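Geometric and topological summary
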Amino acid sequence: MRDNSLKIIKDISEIVNSTINMSHLLDVIIATATRIMNAKASSLLLIDEKTGKLFFHIATGEKKEEVKLYELSMGEGIAGWVAEHGTPVLTSNVKEDPRWSSKISNAIGFSTSSIACAPLKVGDTVLGVIEIIDHLDQTSLTQEDLDMLCAFADIAALSILRARIFSSVNMENERLREALVGKFAIVGESPIMKKIISDCSKVAHSTATALITGGSGTGKELIARFIHNSSPRKSAPYITVNCGALPETLLESELFGYEKGAFTGAYGQKTGLFEAADKGTIFLDEIGETSLGMQVKLLRVLQEGTITRVGGTRAIKVDVRVIAATNRDIEERVQEKDFRDDLYYRLNVVRIKLPTLSERKEDIPSLAKHFLEKFQMTSGSGRKVEGISPEAMEVLVNYDWPGNIRQLENVIELAVIMGATKDIKPADLPREVCQPTKSNQSAGLTLKDAQDNFKRDFIRRTLESVSGSKTKAATVLDVQRTYLSRLIKELGV
Ligand SMILES: Nc1ncnc2c1ncn2[C@@H]1O[C@H](COP(=O)(O)OP(=O)(O)OP(=O)(O)O)[C@@H](O)[C@H]1O
Ligand SMILES: [Mg+2]
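Each chain carries its own residue numbering, running from 1 in the written order of its sequence. A letter from A marks each chain and a number from 1 marks each ligand, given out in the order of writing. Only residues with pLDDT of at least 70 get local features here, since the model is predicted, and only at 80 or more are side-chain atom pairs given and counted; chain-wide, interface and lining totals rely on the full set of residues. Here the side-chain values reflect all heavy atoms present in the structure, with hydrogen atoms and water set aside.

Turning our attention to the overall build of the protein chain. Numbering of helices and strands runs from the N terminus; a helix is a DSSP stretch of H or I covering at least four residues, while a strand is a stretch of E covering at least two. Helix and strand counts for the protein chain stand at 20 helices and 17 strands. Values of the radius of gyration come from C-alpha atoms, whereas the globule rule sets the reference at 2.2 Å times the count of residues to the power 0.38. A globule of 493 residues ought to have a C-alpha radius of gyration of about 23 Å, yet the protein chain, at 32 Å, is considerably larger. The principal-axis extents of the C-alpha atoms in the protein chain amount to approximately 105 × 60 × 40 Å. Counting all 493 residues of the protein chain, 43% fall into the buried class. Expressed as a percentage of contacts within the protein chain between residues at least 6 apart in sequence, the contacts between residues at least 24 apart total 67%. Computed with a 1.4 Å probe, the accessible areas rest on the Shrake-Rupley method; for each residue, only the protein chains presented here act as cover. In the structure as shown, the protein chain presents an accessible area of about 25,700 Å², 53% of it carried by carbon and sulfur atoms. Only four residue types enter the tally: Lys and Arg on the positive side, Asp and Glu on the negative side; His and the chain ends are excluded. Charged groups are reduced to one reference atom each: NZ for lysine, CZ for arginine, CG for aspartic acid, CD for glutamic acid. In the protein chain, 63 side chains carry a positive charge and 65 a negative one; their mean positions are 5 Å apart. Buried means the residue's accessible area, taken with a 1.4 Å probe over protein chains only, is under 20% of the maximum for its type, while exposed means over 50%, and partly exposed covers the values in between. In what follows, residue pairs with any heavy atoms lying within 4.5 Å of each other are defined as contacts.

Dropping the structure here:
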């Protein structure tokens, strides 16, 4: 078997060069080392950078599961000694070696007589150790075994180093990409946005529940993410749940999890998103869409800080910051008894109300440029578009953006894709953006149709200016709320 060893090491070198999957590589290295040295058990221990202790990353042999429950301090046992000194050790009779610690062998009931242990070294840095115990035929390990183990250790150390460099390069890439594309950057120089950003930074440091309201595409999700990212919880999970997208029972098991057998099909136990978001933030988007039944359950989490899995009885403590958002007029829903007032008060501890884009037109140029840069970067090379012509910018600023920032973002994306000239021209913008509602557009229609067009547009704008509240719109328009509801339905606003 030994005659084969050179070939085996060559094969491993090939595997090492063909993949950067560290776990897979180390498994192969250990399995091969164990096999060719005919060892009874083997293990690879790594140094935990935080605690400085050695933990079993891989273990083989009949007690492989038990052994993984143990840790060793630096200098403890032969593995600890090798990790501390960075030199290999061969002990043919452990009972005569004062460095040996019988702690693990005794605890798991595994008899050990000889050990070979080699450090995993890169330069002078020790990353961990590889260790083998006895031959399967009970004979002691030899110097030849130790030499072979050292060769394996060198390959393993290199694999670990490569995988670590690769993952840190990847993380750095991801960070740079996010920073460049400005994934979570909030653009807004208008006084109203500056105030919101400063409020959010303050709110971020409390654990108070926040309710974000605003029309569709006004940036609610982005603001929620901003609060999390500016909070002390930023390295803990941030989980978004779209409450409007799921039926109540599904939403309940998603949020709270379930116990085995809670309902047909619950074959195992499942932890819910509240538990998954522990120590972090959960963003309940479209909270206004939740049923009254669901609202009771959410209220309980906010009041008691505990959840109960579906089909379970145990209250499980969760430390989660809740941010909710809705583009509905939530006060109106409370008045109409579609939304529980007690939950509303719990959510509304901090209120962040996002303005429509037409309420902060001064931000349109910088937002348009921000999206232009974003799409230039993601649309690949060969794109001609470099800027926005003053005429096109004027069109953008004059439009009233019913779909708010998301609509502006879509318009710029389309212009980058379709634009053939250096600057975006008005011709690269969609028709509705270029043609603000003008009275002469109605020429050729009956008076009734023209009036309906006007009414539809006017009601839509009024509703937008009051964040969709029919009650407030009715007051502004000086009509009965019921009459307004009828008009909205008839005109298809
Ligand atoms: N101030 C801002 N600066 C830069 N980008 C923004 C800003 N606000 C929103 N956006 C972008 O506009 C798009 C829409 O924002 P977001 O999804 O947060 O809106 P929303 O209010 O959650 O919309 P909806 O109600 O439709 O769910 C996103 O791509 C977001 O990144
Ligand atoms: Mg959203």
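Next, the rest of the story.
With that settled, the discussion passes to the sheet that holds strand E5 (residues 115-122). A sheet is described by the order of its strands in space; here 6 strands give the open sequence E3-E2-E1-E6-E5-E4, paired in antiparallel fashion. The open sheet terminates on both sides in strands that have one partner only, identified here as strand E3 (71-72) and strand E4 (89-91). If DSSP finds at least two bridges between two strands, the strands pair. For E5 and strand E6 (residues 125-135), the ladder comprises 8 bridges, and the chain directions are antiparallel. Across the sheet, residue Leu-120 finds its bridge partner in E6, namely Gly-128.

Once that is clear, we can look at the domain arrangement of the protein chain. Assigned domains of the protein chain: these are domain 1 (2-167), domain 2 (191-353), domain 3 (360-434) and domain 4 (439-491). Between the C-alpha centres of domain 2 and domain 3 the distance comes to 34 Å. Once two parts are brought into contact, the accessible area they lose, counted with a 1.4 Å probe and summed over both, makes up the buried area. Where domain 2 abuts domain 3, roughly 500 Å² becomes buried across the two surfaces, and 51% of that area is made up of carbon and sulfur atoms. The largest per-residue losses of area from domain 2 upon contact with domain 3 belong to Met-193, Gly-217 and Thr-218, which jointly make up 64% of the total buried on that side. Salt bridges are defined by distance alone: a side-chain nitrogen of Lys or Arg within 4 Å of a carboxyl oxygen of Asp or Glu. Across the contact surface, domain 2 and domain 3 share 0 salt bridges. For the purposes of these results, a polar contact is taken to be a pair of N or O atoms within 3.5 Å, where, inside protein, one atom must be able to donate a hydrogen and its partner to accept one; residues adjacent in sequence count only when each atom of the pair is a side-chain atom. For the pair domain 2 and domain 3, the number of links is 3 residue pairs in polar contact (both at pLDDT 80 or more). Domain ranges listed in this record stem from an automatic or a database domain assignment.

The next subject is the site of ligand 1. Throughout this document, a residue counts as near a molecule or strand when at least one of its heavy atoms sits within 4 Å of that molecule or strand. In the vicinity of ligand 1 lie 19 residues, with Val-187, Gly-217, Lys-220, Arg-406 and Glu-409 positioned nearest. Between Leu-222 and ligand 1, the recorded distance is 3.0 Å, taken from a backbone N or O atom to an oxygen atom. Protein burial of ligand 1: of its 630 Å² of free accessible surface, 87% is covered by the chains. Of all the secondary-structure elements, those providing two or more residues to the shell around ligand 1 are helix H8 (220-229), helix H14 (364-378) and helix H16 (404-418). Residues that form the shell around ligand 1 fall into these classes: 7 nonpolar, 7 polar and 5 charged. Throughout this entry, Asp, Glu, Lys and Arg are counted as charged residues, while Ala, Val, Leu, Ile, Met, Phe, Trp, Tyr, Cys and Pro are counted as nonpolar. The remaining residues, Gly among them, count as polar.

Direction vectors running N to C along H14 and helix H15 (residues 390-398) enclose 115°, while the axes themselves pass 9 Å from each other. As for how H14 packs across H15, the hand of that crossing is right-handed. Listed contacts from H15 to Ile-364, Pro-365, Ala-368 and Lys-369 of H14 are Met-393, Leu-396 and Val-397. Residues belonging to the contact of H14 with H15 are distributed by class as follows: 6 nonpolar, no polar and 1 charged. Note on method: axes are straight lines fitted to C-alpha atoms, helices fitted across the in-contact stretch only, with angles between N-to-C directions ranging 0 to 180 degrees. Whether a crossing is left-handed or right-handed is set by the direction in which the near helix is turned from the far one by less than a right angle, anticlockwise for left-handed and clockwise for right-handed.

With that settled, consider the environment of Gly-272. Mapped onto the elements of the fold, Gly-272 is located in the loop between strand E10 (270-271) and helix H10 (273-276). Under the relative-accessibility criterion, Gly-272 is labelled buried at 1%. Once the C-alpha coordinates of Gly-272 and Gly-257 are considered, the two residues, 15 residues apart in sequence, prove to be 3.6 Å apart. Residue contacts for Gly-272: discarding those within four places in its chain leaves Ser-253, Glu-254, Leu-255, Phe-256 and Gly-257.

Core analysis: the largest hydrophobic core is formed by 30 residues, its most contacted members being Leu-26, Met-37, Leu-44, Leu-120, Ile-130 and Phe-152. Looking at which element gives the most residues to this core, the answer is helix H6 (residues 143-181), with 10 residues. By nonpolar core we mean a set of buried residues, namely Ala, Val, Leu, Ile, Met, Phe, Trp, Tyr and Cys, connected to one another through side-chain atoms within 4.5 Å.

Throughout the structure, instances matching the rule amount to 24 salt bridges. A salt bridge links Lys-194 to Glu-189, with the shortest nitrogen-to-oxygen separation between them at 3.8 Å. Connected through salt bridges with shared partners, the residues Asp-400, Asp-457, Arg-460, Arg-461 and Glu-464 form a single ionic network.

What follows is about the packing of helix H7 (residues 191-204) against H8. Closest axis-to-axis distance for the H7/H8 pair is 8 Å, and the angle between their directions is 45°. Relative to H8, the element H7 is oriented oblique. In this structure, H7 crosses over H8, and the sense of that crossing is right-handed. Where H7 approaches H8, its residues Ile-196, Ile-197, Cys-200, Ser-201, Val-203 and Ala-204 are matched on the opposing element by Ile-223, Phe-226 and Ile-227. Each residue belonging to the contact of H7 with H8 can be placed in one class, and the counts come to 8 nonpolar, 1 polar and no charged. Roughly parallel here means an angle under 35 degrees, roughly antiparallel means over 145, roughly perpendicular means 65 to 115, and every remaining angle is called oblique.

Right, let's get into a nonpolar patch on the surface. A surface patch of nonpolar side chains, amounting to about 220 Å² of accessible area, comprises Leu-161, Ile-165 and Val-169. Its location among the elements puts Val-169 in helix H6. Here a patch means residues that are over 30% exposed by relative accessible area and free of salt bridges, tied together within 9 Å if like-charged and within 5 Å if nonpolar (Val, Leu, Ile, Met, Phe, Trp, Tyr).

With respect to the helices, strands and loops of the structure, Arg-360 is situated in the loop between strand E15 (350-353) and H14. Here Asp-363 takes part through its side chain, which lies 2.8 Å from a polar atom of the side chain of Arg-360. Dropping the residues within four chain positions of it, Arg-360 is found in contact with Val-187, Gly-188, Ser-190, Ile-192, Met-193, Thr-218, Pro-355, Leu-367 and Ile-405.

Turning our eyes to something else, we now look at the packing of aromatic side chains. Paired rings are identified among Phe, Tyr and Trp, the last through its six-membered ring, by centres lying within 6.5 Å, and are further divided according to the angle between planes into stacked (under 30 degrees), edge-to-face (over 60) and tilted (the rest). Inspection of every chain in the model, using the stated rule, returns 4 aromatic pairs. Each ring, one from Phe-256 and one from Phe-274, has its centre 5.7 Å from the other, and the planes form 5°; the classification is stacked. Placement of Phe-256 in helix H9 (residues 248-256) and of Phe-274 in helix H10 is noted, with a sequence separation of 18 residues between them. For the pair Phe-256 and Phe-274, one class covers both residues: buried. Ring centres 5.4 Å apart and planes at 20° place the aromatic pair Phe-454 and Phe-458 in the stacked group. You can see Phe-454 and its partner Phe-458 sitting in helix H18 (residues 447-465), 4 residues apart, about one turn around the helix. By relative accessible area, which is 42% here, Phe-458 ends up partly exposed. To sit over a ring, a charge needs its Lys NZ or Arg CZ within 6 Å of the ring centre and within 35 degrees of the ring normal. The residue whose ring lies beneath Lys-40 is Phe-110, and the NZ or CZ to ring-centre distance is 4.9 Å.

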